[in-house]
Amino acid sequence: MVTNTSGKKKTAVARATVSEGEGRVRINSQPVELVEPELARLKMLEPFRIAGDELRSGVDIDVSISGGGFAGQADAARTAIARGLVQHLQDAELRDAYMEFDRSLLVNDSRQSEPKKWGGPGARARYQKSYR
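Attention here is on the structure that accompanies the text. Predicted model only: the values in this text are computed from it and were never measured.

A word on the overall build of the protein chain
Now for step 1: The number of helices and strands found in the protein chain is four helices and five strands.
Now for step 2: When the helices and strands of the protein chain are placed in sequence order, the string is β-β-β-β-α-α-β-α-α.
Now for step 3: Expressed as lengths along the three principal axes of its C-alpha atoms, the size of the protein chain is roughly 70 × 30 × 20 Å.
Now for step 4: Among the 132 residues that make up the protein chain, the fraction classed as buried is 37%.

The structure is reproduced here in structure tokens:
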């Protein structure tokens, strides 16, 4: 059985395909072990740390990520992987464990950066006012 899931964070979108296999996890067709920086790699592998590494040996996961920076992509991939595992295994216990650890493992973070407006350098900051 093959399961397709997705995860989002800011402008990053990750699509994961979970299938029966021997523990291969690929991010943009590259083994997860080669993902840099290390912080992003650890974030992506979080779902396995919670579920237990013996779970990883039974599935292959292909993740394609586009948009955003490395941190947003890592969060999006982590959500896609966790959702994929829960859906593929149909395990309510695993779902509860993820929810207890961190809700964003299964639920997308809907926060977006606010667009810049006129009269200032950013969304809320205004240009400095001069009296003289």
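Some words on the nonpolar core
Now for step 1: Ranked by internal contacts, the top residues of the largest apolar core, which has 28 residues, are Ile27, Ile61, Val63, Leu85 and Tyr98.
Now for step 2: Contributing elements (two or more residues each) for this core: β2 (12–20), β3 (25–27), α1 (38–44), β5 (59–66), α3 (70–89) and α4 (92–101).
Now for step 3: Considering each element in turn, this core owes the most residues, eight residues, to α3.
Now for step 4: In this structure Ile27 touches Val32, Val35, Met44, Val63 and Ile65, once residues within four positions along its chain are discounted.

Observations regarding the sheet that holds β3
Now for step 1: The five strands are arranged β1-β2-β5-β3-β4 in an open sheet whose pairing can be described as mixed. The open sheet has two edge strands, β1 (3–9) and β4 (30–31), and neither has a second partner.
Now for step 2: On top of the sheet, α3 reaches β1, β2 and β5; it is set at about 150 degrees to β1, its chief contact.

Examining the side chain of His88
Now for step 1: Mapping His88 onto the fold places it in helix α3.
Now for step 2: A residue is classified by how much of its surface remains accessible, and His88, at 8% relative accessible area, is buried.
Now for step 3: For His88, the side chain forms a polar contact with the side chain of Thr3, separated by 3.3 Å.
Now for step 4: Once residues lying within four places of it in the same chain are set aside, the contact partners of His88 are Met1, Thr3, Val18, Ser19, Glu20 and Val59.

Brief notes about a negative patch on the surface
Now for step 1: There is a patch of like negative charges on the surface, built from Asp91, Glu93, Asp96 and Glu100.
Now for step 2: For Asp91, the position within the fold is in the loop between α3 and α4.

Topic: the environment of Leu94
Now for step 1: For Leu94, the position within the fold is in helix α4.
Now for step 2: In this structure the C-alpha to C-alpha distance between Leu94 and Ala51, which are 43 residues apart in sequence, comes to 6.6 Å.
Now for step 3: When near neighbours in sequence (up to four residues on either side) are disregarded, Leu94 contacts Ala51, Leu85, Val86 and Leu89.

Brief notes about the packing of aromatic side chains
Now for step 1: According to the stated counting rule, one finds zero aromatic pairs in the structure shown.
Now for step 2: Its guanidinium or amino end placed over the ring of Phe48, Arg56 lies 5.5 Å from that ring's centre, counting from NZ or CZ.

Some details on the pattern of salt bridges
Now for step 1: Here the structure, examined in full by the defined rule, presents 12 salt bridges.
Now for step 2: Residues Asp109 and Lys9 are paired through a salt bridge, measuring 3.1 Å at the closest nitrogen-oxygen approach. Taken together, the residues Asp109 in the segment after α4 and Lys9 in strand β1 connect sequence positions 100 residues apart.
Now for step 3: Taking the relative accessible area as the measure of exposure, Asp109 reaches 22% and is therefore partly exposed.

Reading guide: rules and limits
- Residues numbered from 1 in each chain as written.
- Predicted model: local features only at pLDDT ≥ 70, side-chain atom pairs only at ≥ 80, totals over all residues.
- Heavy atoms only, no water.
- Helix = DSSP H or I, 4+ residues; strand = E, 2+ residues; numbered from the N terminus.
- Buried < 20%, exposed > 50% of the residue type's maximum accessible area, 1.4 Å probe, protein only.
- Core = buried A, V, L, I, M, F, W, Y, C linked by side-chain atoms within 4.5 Å.
- Contact = heavy atoms within 4.5 Å.
- Pairing = 2+ DSSP bridges.
- Axes fitted to C-alpha atoms, helices over the stretch in contact; angles between N-to-C directions.
- Polar contact = N/O pair within 3.5 Å; in protein donor to acceptor, adjacent residues only side chain to side chain.
- Patch = residues over 30% accessible without salt bridge, like charges linked within 9 Å, V, L, I, M, F, W, Y side chains within 5 Å.
- Areas by Shrake-Rupley, 256 points an atom, 1.4 Å probe, with all protein chains shown as cover.
- Salt bridge = Lys/Arg side-chain N within 4 Å of Asp/Glu carboxyl O.
- Lys, Arg positive; Asp, Glu negative; His and termini not counted.
- Charge placed at Lys NZ, Arg CZ, Asp CG, Glu CD.
- Phe/Tyr/Trp six-rings, centres within 6.5 Å; stacked < 30°, edge-to-face > 60°.
- Lys NZ or Arg CZ within 6 Å of the ring centre and 35° of its normal.

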